[in-house]
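These are the residues of each chain, in order.
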Amino acid sequence: MAEQRVTIYDVAKAAGVAPSTVSRAFSRPGRVSAATHARVMDAAKALDYRTAAPAAQERPERHHRLGIEVPDLTNPYFAELVSGMQEAAHEQGFLLLLLDTVEDEARERSSLESAINVVDGIVLAGTRLSDATLNHLTKRIPVVVLNRRVAGLDSVTPDFSNGMGQALEHLAENGIRTVTYVSGPVNSWSDGERWRAARVAARQHGVQIQRHGPFAPTAAGGELAFGELRDSLPHAVVCYNDLVAFGFLISALRAGIRVPEELSVMGHDDIQLSRLVGGGLTTVVSPKRAQGRTAVERLVRRIENPSAHRTPVEGTLPVRLVPRGTTGPREPGR
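Since we're looking at a predicted model, the values are computed, not measured.

### Brief notes about the sheet that holds strand β9 (residues 264-269)
An order of β7-β6-β8-β9-β10-β12 is seen for the six strands of this open sheet, with the pairing classed as mixed. Of all strands in the sheet, those with a lone pairing partner are β7 (208-212) and β12 (320-322), marking the two edges. Between one strand axis and the next, the sheet turns through 20° on average, direction left out of account. Relative to strand β8 (residues 236-239), strand β6 (residues 178-182) runs parallel, the two being bridged by four bridges. Of the residues in β8, the one forming a bridge with T180 is V237. Sheet strands touched by helix α7 (residues 160-173): β6, β8, β9, β10 (282-285) and β12. Its angle to β9, the strand with the most contacts, is close to 165°.

### Quick look at helix α8 (residues 189-204)
Taking 1.5 Å per residue as the helical rise, α8 with its 16 residues ought to reach 22 Å, and the 23 Å between its terminal C-alpha atoms agrees with that figure. Of all the residues in α8, the buried ones are S190, D191, E193, R194, W195, A197, A198, A201 and A202. Against the buried residues of α8 lie α7, β6, β7 and β9. A positive backbone phi angle near 65° is found at G206, which sits one or two residues after α8.

### Observations regarding the packing of α7 against α8
Taken N-terminus to C-terminus, the directions of α7 and α8 make an angle of 45°; their axes are 8 Å apart at the nearest point. In this view, α7 runs oblique relative to α8, as classed from their interaxial angle. Crossing of α7 over α8 shows right-handed handedness. Contacts between α7 and α8 involve F160, S161, M164, G165 and L168 from the first element and W189, S190, E193, R194, R196, A197, A198, A201 and A202 from the second. Class assignment of the residues belonging to the contact of α7 with α8 gives a composition of eight nonpolar, three polar and three charged.

### Here's the deal with the packing of aromatic side chains
Aromatic rings in a pair are described by how distant their centres are and how their planes are angled relative to each other. With the rule as written, the count across this model stands at four aromatic pairs. Considering the side-chain rings of Y77 and F78, the 5.0 Å spacing of their centres and the 85° angle between planes classify their relative orientation as edge-to-face. Looking at F78, the relative accessible area reads 9%, which means it is buried. Ring centres 5.4 Å apart and planes at 90° place the aromatic pair F226 and F248 in the edge-to-face group.

### What about the pairing of β10?
Judged by which residues are buried, β10 turns out to be covered on both faces: T282 and V284 on one side and T283 and V285 on the other are all buried. With four bridges joining them, β9 and β10 adopt parallel strand pairing. Within the sheet, the bridge partner assigned to G267 lies in β10 and is T283. Sheet analysis places β10 next to β12, joined by three bridges and oriented antiparallel. Within β12, the position partnered with T283 by the bridge is V322.

### Brief notes about the sheet that holds strand β2 (residues 95-100)
Sheet strands pair by backbone hydrogen bonding; their relative direction is either parallel or antiparallel. Sheet architecture is open: six strands sit in the order β2-β1-β3-β4-β5-β11, paired in parallel fashion. The strands lining the two open edges of the sheet, one partner per strand, are β2 and β11 (314-317). Strand-to-strand twist of the sheet, defined as the mean angle between neighbouring strand axes without regard to direction, takes the value 20°. For strand β5 (residues 154-158) and β11, the ladder comprises four bridges, and the chain directions are parallel. The partner of V156 across the bridge, within β11, is G315.

### Describing the packing of helix α1 (residues 8-15) against helix α3 (residues 34-47)
Remark: α1 packs on α3, axes separated minimally by 9 Å, with the N-to-C direction vectors making an angle of 120°. In this view, α1 runs oblique relative to α3, as classed from their interaxial angle. Classified by chirality, the crossing of α3 by α1 is right-handed. Facing D10, V11, A14 and A15 of α1, the residues of α3 in contact are R39, V40, A43, A44 and L47. Here the residues of the contact of α1 with α3 sort into seven nonpolar, no polar and two charged.

Calculation criteria
Residues numbered from 1 in each chain as written. Predicted model: local features only at pLDDT ≥ 70, side-chain atom pairs only at ≥ 80, totals over all residues. Heavy atoms only, no water. Pairing = 2+ DSSP bridges. Helix = DSSP H or I, 4+ residues; strand = E, 2+ residues; numbered from the N terminus. Axes fitted to C-alpha atoms, helices over the stretch in contact; angles between N-to-C directions. Contact = heavy atoms within 4.5 Å. Expected span 1.5 Å × (residues − 1). Buried < 20%, exposed > 50% of the residue type's maximum accessible area, 1.4 Å probe, protein only. Parallel < 35°, antiparallel > 145°, perpendicular 65-115°, else oblique. Left-handed = near helix turned anticlockwise from the far one by under 90°. Nonpolar A, V, L, I, M, F, W, Y, C, P; charged D, E, K, R; others polar. Phe/Tyr/Trp six-rings, centres within 6.5 Å; stacked < 30°, edge-to-face > 60°.

Written out as structure tokens, the structure is:
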């Protein structure tokens, strides 16, 4: 007698779910939760269930929407990044679903879980989730990560090493010998990369550097950093982003410190406000709109070719330093 074949109904009974849920777990894993997917897969493995190969691959349901996760939309950096995404998405026939996670990991998790069933792919523009969590996510839906590299995922990052190299070289040429890196969120991958690159560049240019933080990536974070460093200011500070630099700079000016004669201040991102404060903020320019466009174009290619096996692409975009009024020659004897 031929051995009885395990069916989808057997798997459903063992997993405690409906047969339709088992079907979705295999054909459209993005339509079920991570816990349900794991339960179905465990039951199928225990029963040695094998799906029959279809004559033609079923095309998944398409929503023509992309999920865009940002940690703080009030930060002008992300607003410009999203603008570039919007342009590319419109050209490709997609709408954007914006997820502002307000620097909250629990909110990010719940937002992504809710969005995964109504979008075709997700761009993570500032995720704080672990590599393991992101690798699980990309098994359920196409994902592109910005400002971070994760093994197995497509990513688009600015060239942090080159940016910090230009920054420390500029400071050294102006007689700066002590620098403090004012760091951002403790679980920010880009913050860690900037600090690593800053240490390398400082050694190359004979500059002493230390790290102080972490701080919120906001002007309030910069104000707090100044308060903590007020009594032992270095020759220069390089801040995690322009908003932190603004907070630090305004606090220094209010305290009567002359910039740049007594203190040089530098940021990252070149948001539009950077041209308006303290004679203009010296900053490392990131190609925000280009980065947003590149991420969407790469994500759409993944969506349009779901069965194509391609090695994840790690793209790095060039950056440049824009010197302005907040950095310059240090006053002799200071």
